[in-house]
Amino acid sequence: MRFAIFSDLHANLEATETVLADAHERGCTHFVCLGDVVGYNANPHECVEIVQKLECPVVKGNHDEQASIEESSRGFNPLAEMAINWTRAQLTKEDKEWLRDLRMTRQVRDFTIVHATLDTPDQWGYVFNDLDAAASFTYQHTTVCFFGHTHVPGAFVRDDGVRRVKTDQLMIEETKKYFINVGSVGQPRDGDWRAAYCIYDVDKKVVEQRRLKYDLATAQQKIIKAGLPRLLADRLKLGR
Ligand code: ZN
């Protein structure tokens, strides 16, 4: 059984379609979405629809939360706030209800999924270092947990201590614990503009990182045409 696990689509339709096509080609039969379906890019409604059609487990991201409420956002930088206001106007009432009803964490087969952290999932903290990961591990009761939010792919492993490892090809050992960031589909921030997601082969116990080129020019043109801040188009190319 092969899972395609993806996060932070951020309304980037071109990147999302490319990732899902690749997942099908690579024999994935199951899908899991770690949240932030909307925000920043130009196709929030379309991305909500695509994820709904997959009928897969989905957890809530901070942009999903903000887009689904009517009052103005708290703790968002001006760029994210401009985008979220625009996003609210693009979503149907049903889209917002669906986003609002998403859960913070879920267990899928033998692994856990969350958008940001397991210690305080609704506080939207960022796991960038071993210390952040250690706090989350305290609440992790499965060998593997997948997360997103930072838009930076990579995994933390806990055995004697906590250390960072790459996810190019990661063998899962039952004696350890793994907190794995699958990277971002629609707005990577690790300096590589290509869409990121992970494939988890549950039988072989292997996690594989995928990076894919997509139609970046179209995604950028749509952002500009929509009247969203130009910086959002520029950053896609930089992977920042
Ligand atoms: Zn995000």
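Predicted model, so just to flag it, every value in this text is computed and none were measured.

A.B. asks: Explain the nonpolar core to me, please; I cannot follow it from the model alone.
C.D. replies: Proteins that are soluble and globular tend to have nonpolar side chains buried together. The biggest cluster of nonpolar side chains holds 42 residues, and the ones touching the most others in it are Phe6, Cys33, Val37 and Tyr197. Listed by contribution, the elements that provide at least two residues to this core are strand S1 (2–6), helix H1 (13–25), strand S2 (30–33), helix H2 (44–54), helix H4 (78–90), strand S10 (195–201), helix H7 (216–225) and helix H8 (230–238). Phe6 has contacts with Leu20, Phe31, Val32, Cys33, Leu34, Val51, Leu54, Val182, Val185 and Tyr197, leaving out every residue within four places of it along the chain. Counting residues in hydrophobic clusters, the runner-up holds 22 residues, among them Ile5, Phe111, Val144 and Val157.

A.B. asks: Would you explain the packing of H2 against helix H5 (residues 93–100) in this entry?
C.D. replies: When two helices pack together, their arrangement is captured by the angle between the axes and the distance separating the axes. Orientation of H2 relative to H5, taken along the N-to-C sense of each, is 60°, at an axis distance of 11 Å. Accordingly, the angle class assigned to the pair H2 and H5 is oblique. Note that H2 runs across H5; the crossing there is left-handed. Taking contact as the criterion, the partners of His45, Val48, Val51 and Gln52 in H2 are, on H5, Asp95, Trp98 and Leu99. Partitioned by chemical class, the residues of the contact of H2 with H5 number four nonpolar, two polar and one charged.

A.B. asks: Would you explain the packing of H1 against H2 in this entry?
C.D. replies: Relative orientation of the contacting elements H1 and H2 amounts to 20°, with a least axis distance of 10 Å. When the axis of H1 is compared with that of H2, the two are roughly parallel. Considering how the two elements wind past one another, H1 and H2 form a crossing that is left-handed. Note on element contacts: H2 touches H1 through Glu46, Cys47, Ile50 and Leu54, opposite Leu13, Thr16, Glu17 and Leu20.

A.B. asks: Just to check I follow, could you spell out the pairing of strand S4 (residues 111–114) for this structure?
C.D. replies: Residues in a regular strand project their side chains so that they alternate between the two faces of the sheet. Burial along S4 is two-sided: the residues Phe111 and Ile113 and Thr112 and Val114 are all buried. As defined by bridge partners, strand S3 (residues 105–108) adjoins S4 across four bridges and the pair is classed as antiparallel. Residue pairing in the sheet places Val108 in a bridge with Phe111 of S4. Following S3, the chain reverses through two residues before pairing antiparallel with S4; Arg109 in that reversal takes a positive phi of roughly 50°. Since S4 and strand S5 (residues 144–147) lie parallel, the crossover through helix H6 (residues 130–137) that links them has a hand, and here it is right-handed.

A.B. asks: Which parts of the structure should I look at to understand the coordination of the zinc ion?
C.D. replies: Each pair of donors in an ideal octahedron of six around a metal sits at 90 or 180 degrees, and each pair in an ideal tetrahedron of four sits at 109.5 degrees. Taken together, the protein donors to the zinc ion comprise Asp8 (OD), His10 (NE2), Asp36 (OD) and His151 (NE2), at separations of 2.0 to 2.3 Å. Around the zinc ion, the four donor atoms sit at angles spanning 83 to 175°, and that spread fits a shape best called irregular. In the primary sequence, the donor residues of the zinc ion line up as D-x1-H-x25-D-x114-H. Highlighted residues: Asp8 in the loop between S1 and H1 and Asp36 in the loop between S2 and H2, separated in sequence by 28 residues. Like Asp8, the residue Asp36 is buried in the burial classification.

Each value, and the rule that gives it
- Per chain, the residues get numbers from 1 upward, laid out in the order the sequence is written.
- Restriction of local features to residues with pLDDT of at least 70 applies here, the model being predicted, together with a cutoff of 80 or more for giving and counting side-chain atom pairs; totals for whole chains, interfaces and linings are based on all residues.
- Where side-chain values are given, they derive from all heavy atoms of the structure, hydrogens and water being excluded.
- What we call a nonpolar core is a set of buried Ala, Val, Leu, Ile, Met, Phe, Trp, Tyr and Cys residues that are connected through their side-chain atoms within 4.5 Å.
- Working definition: with a 1.4 Å probe on protein chains only, accessible area under 20% of the residue-type maximum means buried, over 50% means exposed, and in between means partly exposed.
- Secondary structure elements follow DSSP: runs of H or I no shorter than four residues count as helices, runs of E no shorter than two count as strands, and numbering proceeds from the N terminus.
- The contact definition used throughout considers only heavy atoms, calling two residues in contact when any of these lie within 4.5 Å.
- With axes taken as lines fitted to C-alpha atoms, and helix axes fitted only over the stretch in contact, angles between N-to-C directions fall between 0 and 180 degrees.
- Small angles under 35 degrees read as roughly parallel and large ones over 145 as roughly antiparallel, with 65 to 115 read as roughly perpendicular and the rest as oblique.
- Two helices cross in a left-handed way if the nearer one is turned anticlockwise from the farther one by less than a right angle. They cross in a right-handed way if the turn is clockwise.
- Each residue is assigned to one class: nonpolar for Ala, Val, Leu, Ile, Met, Phe, Trp, Tyr, Cys and Pro, charged for Asp, Glu, Lys and Arg, and polar for all the others, Gly among them.
- Here a strand pair is declared whenever DSSP counts at least two bridges between the two strands.
- Crossover handedness is defined by viewing with both strands directed away from the observer: a clockwise path from the first strand over the helix to the second marks the crossover as right-handed.
- Because water is not among the atoms used, a metal site may look incomplete, as its donors are only the N, O and S atoms within 2.8 Å, or 3.2 Å for Na, K and Ca.
- Metal sites are grouped by the angles between bound donors: all angles between 85 and 135 degrees with four donors is tetrahedral, opposite donors over 155 degrees apart with the others between 65 and 115 is square planar for four donors and octahedral for six, and any other pattern is irregular.

Interpretation in functional terms is not warranted from these geometric data alone.
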